[in-house]
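# Structural overview
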Amino acid sequence: MELVAGCYEQVLFGFAARPSESWTVVPDFTHHAHSASLSAVAVNNRYVVTGSRDETIQIYDMKKKIEHGALLQHNGTITCLEFYGTAHLLSGAEDGLICIWNTKRWECLKSIKAHKGHVTSLSIHPSGKLALSVGTDKTLRTWNLVEGRSAFIKNLKQNAHIIKWSPDGERYVTVITNKVDIYQLDTASITGTITTEKRISSLIFVTDSVLAIAGDDEMIRFYSCDSQKCLCEFKAHENRYFIFIYCLNIYGNAEYSVKFNDLIKDIYSFEREGQHVIVTASSDGYIKMWNLDLNKIKDVPSLLCEVNTKARLTCLAVWLDQSSETKENSEKAETSSQANEDEKSSIVRKNQVCRTQKSDKTAKRKRKITPEKTKLEAPLQKKKKKRNSSA
């Protein structure tokens, strides 16, 4: 398991997370990935891809831990990246294009002029047949990925900067500044709205009906999509990042102000062996992992571990090494199977000893030879002890 995070300083960080009773995060790699700040990151079972203000998408092979190449289709900041399975990647940028990539040969299958302005966010339906995108042209667009064409266009009152499908694909949400509109798929109509005090910077579905929302403060809040009520909130990060503003007033005198501006830049969630984990990245430089009990969603998540990158983080993802987890699970299964076999063989040996004792006693009773009895008992006791110890 690898935590990967990009930052303003053009660096991609990799931290190996080691799940156990006490989780640990160990630095794995630091790579100067781009010539400008990183703006997006996405992962599948093998690759990590990063987008940047330098207009490129860099590819990293996590199995071999090497750079795999770069994609140069866009002319503008890469704003969003999302994999669908192991075969396809979708990218959006400020040039208004959405590109569909084949991840086997890393070729652009289709380049779509999606929006008149920037593409600000995109999300792929769990079926892989549809995608949604929003842009600075105040539109929400539905895309038929099977045919590679526009299926529906909805005009918005303002520019949305986040769009996200629910895990079951039955609803989706758009974010406009500090407002979350919840849509139902079958009617394409708004069923509820969540409004927060601060601008929303990141959002994820924790379950099909629960959202985790982060904004321009240090708090994370869980909301119900059904009731639009806040279920829980907790302080995830500290105020450590500030902006120093210096200017001259109309009289030529210098004025300055300091503004603390702690932003939770990204949230990521995953489930491992029944444990639900939330990962947060903030401009204070910290990446934190939280244990979330879905049965007690109103309780504050417990902190598993944290790491200070000492950088201004911008994006986050978690690469799960499925092959190693499969190997680990198979080893556990083999160990369990071996233990069962040992237990079975132990029972068989005990039964054999019991049958031997029984038959010996029957034979003694029939023969009624007392001298032989004393000779037989001692070896039998030794044999029994030896077999019991081996069992």
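What counts, and where the lines are drawn
- Residues numbered from 1 in each chain as written.
- Predicted model: local features only at pLDDT ≥ 70, side-chain atom pairs only at ≥ 80, totals over all residues.
- Heavy atoms only, no water.
- Pairing = 2+ DSSP bridges.
- Helix = DSSP H or I, 4+ residues; strand = E, 2+ residues; numbered from the N terminus.
- Axes fitted to C-alpha atoms, helices over the stretch in contact; angles between N-to-C directions.
- Phe/Tyr/Trp six-rings, centres within 6.5 Å; stacked < 30°, edge-to-face > 60°.
- Lys NZ or Arg CZ within 6 Å of the ring centre and 35° of its normal.
- pLDDT = per-residue confidence, 0-100.
- Contact = heavy atoms within 4.5 Å.
- 1 Å grid on protein atoms, 1.4 Å probe; cavity = no way out; pocket = protein on both sides within 12 Å on 5 of 7 lines; lining within 4 Å.
- Points joined across faces, edges and corners; volume = space filled by probe spheres on them.
- Nonpolar A, V, L, I, M, F, W, Y, C, P; charged D, E, K, R; others polar.
- Core = buried A, V, L, I, M, F, W, Y, C linked by side-chain atoms within 4.5 Å.
- Buried < 20%, exposed > 50% of the residue type's maximum accessible area, 1.4 Å probe, protein only.

### Concerning the sheet that holds strand β10 (residues 97-102)
Taken together, four strands build an open sheet; the order of strands is β8-β9-β10-β11 and the sheet is antiparallel. With partners counted over all chains shown, the strands left at the sheet margins are β8 (78-84) and β11 (107-113), one partner each. For this sheet, the mean inter-axis angle between neighbouring strands, taken without regard to orientation, is 20°. Pairing analysis gives six bridges linking β8 to strand β9 (residues 88-93), with the strands arranged antiparallel.

### As for the packing of aromatic side chains
Enumeration according to the criterion identifies six aromatic pairs in this entry. Where phenylalanine 13 meets phenylalanine 15, the ring centres are 6.1 Å apart and the plane angle is 20°; that geometry is what we call stacked. Here the aromatic rings of phenylalanine 234 and tryptophan 290 are separated by 4.9 Å at their centres, their planes lie at 65°, and the arrangement is edge-to-face. Taken together, the positions of phenylalanine 234 in strand β23 (residues 230-235) and tryptophan 290 in strand β28 (residues 286-292) put the pair 56 residues apart, joining distant regions of the chain. In textbook terms, an aromatic cluster arises when at least three aromatic residues are bridged by ring pairs, as seen for Trp165, Tyr172 and Tyr183. The ring of tyrosine 286 carries the charged tip of lysine 288 above its face, separated from the ring centre by 5.7 Å.

### Concerning the confidence of the model for the protein
Residues with a pLDDT of 70 or more make up 76% of the protein, whose mean pLDDT is 84. pLDDT under 50 marks residues 326-333. Its contacts with residues more than four places away, or in other chains, come to four contacts. Low pLDDT, under 50, characterises residues 361-391; the stretch is placed with 15 contacts to residues that sit more than four places away or in other chains.

### Looking at empty space enclosed by the protein
Here the structure, examined in full by the defined rule, presents three cavities of 30 Å³ or more. Here the largest cavity defines a volume of roughly 50 Å³. In terms of lining residues, the largest cavity is bounded by Thr196, Lys198, Ile213, Ala214, Gly215, Asp217, Met219 and Arg221. Mapped onto the lining of the largest cavity, the elements with two or more residues apiece are β21 (210-215) and β22 (219-224). It is β21 that contributes the most residues to the lining of the largest cavity, three residues altogether. For the lining of the largest cavity, the per-class residue count stands at three nonpolar, two polar and three charged.

### A few points about the nonpolar core
With 22 residues, the main nonpolar core has Leu3, Val279, Ile287 and Met289 as its most contacted residues. Counting only elements with at least two residues in this core, the list comes to β1 (2-7), β2 (11-18), β27 (275-282), β28, β29 (302-308) and β30 (313-319). The dominant element in this core, judged by the number of residues it contributes, is β2, at four residues. The contact partners of isoleucine 287, leaving out residues within four places of it in the chain, are Leu3, Ala5, Phe15, Val279, Thr280, Ala281, Cys305, Glu306, Val307, Thr309, Leu313 and Leu316.

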